[in-house]
Amino acid sequence: MFRPGCEAVESAILALDMASTAASGPIRAVLFDLDGTLVDSVEAIVAGLGDTFERYVGTRPSREQLIGLVGLPLRQQVIVLDPIPPEEEAILERIRFAETKFAEYSHLETVYPYTREILELCRRSGTPTAIVTSKTRTEFDAFRSRHSWVEAVDAVVCSTDV
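## Some details on the overall build of the chain
Alright, step 1. Counting its secondary structure elements, the chain contains 7 helices and 5 strands.
Alright, step 2. Listing every helix and strand of the chain by position from the N terminus yields α-β-β-α-α-α-α-β-α-β-α-β.
Alright, step 3. Counting over 162 residues, the chain shows a buried share of 38%.
Alright, step 4. Pairs at least 24 residues apart make up 68% of the contacts formed inside the chain by residues separated by at least 6 positions.
Alright, step 5. A total of about 9,200 Å² of accessible surface is found on the chain, and carbon and sulfur atoms cover 57% of it.

Structure, rendered in structure tokens:
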């Protein structure tokens, strides 16, 4: 698989900046999703959700079903495949359990190549950055504790923030 070097990434950002300026004015900020954009976290999510369903529903959904849940807010993930809608307290318990499982499987997360470099290029150019994620604030704070490069981001918006 072709993986450009940092010079190619910098050239791409410069080209994007020039095209943006010509078309609609300067880039004022860059927003990133987290899972699947900056970090490959599918395996950790699949493992954690699988354990959660196994514990609370009694069956483990297929890998394909679990992958289909990636990107949904955790609140939706923990109830969507349950044939009997759980009560609020049960939903919160599932969320807490899933969050601990995601942390347990965090060794399966992989930061995509050049994530750090792209964020650094944005910072050097004075372009503000933000992560907008379907993770809960608790999930994100645990993620941040494992990944110091997140400190280069100017703002973070989680699903539980809105």
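## Describing the sheet that holds strand S1 (residues 30–32)
Alright, step 1. Across the sheet, which stays open at both edges, the 3 strands sit in the order S1-S4-S5 with parallel pairing between neighbours. In this open sheet, the two edge strands, each paired with only one partner strand, are S1 and strand S5 (155–157). The mean angle between the axes of side-by-side strands here comes to 25°, regardless of whether they run parallel or antiparallel.
Alright, step 2. With 3 bridges connecting them, S1 and strand S4 (residues 129–132) associate as parallel partners. By the bridge assignment for S4, valine 30 is matched with threonine 129.

## Quick look at the packing of aromatic side chains
Alright, step 1. Scanning the entire structure with this criterion turns up 3 aromatic pairs.
Alright, step 2. When the centroid spacing of 5.5 Å and the interplanar angle of 80° are considered together, the rings of tyrosine 56 and phenylalanine 97 count as edge-to-face. Of this pair, tyrosine 56 sits in helix H2 (residues 42–56) while phenylalanine 97 sits in helix H5 (residues 88–104), and the two are 41 residues apart along the sequence.
Alright, step 3. For tyrosine 56, a relative accessible area of 21% gives the class partly exposed.

## A closer look at the pattern of salt bridges
Alright, step 1. On inspection of all chains with the given rule, the structure shows 12 salt bridges.
Alright, step 2. A salt bridge links aspartate 51 to arginine 60; the shortest N-O distance between them is 2.9 Å.
Alright, step 3. Classification of arginine 60 by relative accessible area gives partly exposed; the value is 39%.
Alright, step 4. Here arginine 60 ties to glutamate 54 by a salt bridge, and the two come within 2.6 Å at their closest N and O atoms.
Alright, step 5. Salt bridges here are not isolated pairs; linked through shared partners, they connect Asp51, Glu54, Arg60, Lys101 and Glu104.

## Here's the deal with unusual backbone geometry
Alright, step 1. The residue tyrosine 114 is not glycine, and still its phi comes out positive at about 75°.
Alright, step 2. With respect to the helices and strands, the residue tyrosine 114 is situated in the loop between strand S3 (110–111) and helix H6 (115–125).

## Remarks on the packing of H2 against H5
Alright, step 1. One can describe the packing of H2 onto H5 by two numbers: an axis separation of 8 Å at closest approach and a directional angle of 140°. If you check the angle between H2 and H5, you find them oblique. Classified by chirality, the crossing of H5 by H2 is right-handed. For the pair H2 and H5, the contacting residues are Ala44, Ile45, Gly48, Leu49, Asp51, Thr52, Arg55 and Tyr56 in the first and Glu93, Arg94, Phe97, Ala98, Lys101 and Phe102 in the second.
Alright, step 2. For the contact of H2 with H5, the class distribution of residues is 7 nonpolar, 2 polar and 5 charged.

## What to know about the side chain of histidine 147
Alright, step 1. Topologically, histidine 147 is positioned in the loop between helix H7 (137–146) and S5.
Alright, step 2. Residue histidine 147 is classed as buried on the basis of its relative accessible area of 11%.
Alright, step 3. For histidine 147, the residues in contact, after removing those within four places along its chain, are Glu109 and Val111.

So, how was this worked out
- Residues numbered from 1 in each chain as written.
- Predicted model: local features only at pLDDT ≥ 70, side-chain atom pairs only at ≥ 80, totals over all residues.
- Heavy atoms only, no water.
- Helix = DSSP H or I, 4+ residues; strand = E, 2+ residues; numbered from the N terminus.
- Buried < 20%, exposed > 50% of the residue type's maximum accessible area, 1.4 Å probe, protein only.
- Contact = heavy atoms within 4.5 Å.
- Areas by Shrake-Rupley, 256 points an atom, 1.4 Å probe, with all protein chains shown as cover.
- Pairing = 2+ DSSP bridges.
- Axes fitted to C-alpha atoms, helices over the stretch in contact; angles between N-to-C directions.
- Phe/Tyr/Trp six-rings, centres within 6.5 Å; stacked < 30°, edge-to-face > 60°.
- Salt bridge = Lys/Arg side-chain N within 4 Å of Asp/Glu carboxyl O.
- Parallel < 35°, antiparallel > 145°, perpendicular 65-115°, else oblique.
- Left-handed = near helix turned anticlockwise from the far one by under 90°.
- Nonpolar A, V, L, I, M, F, W, Y, C, P; charged D, E, K, R; others polar.

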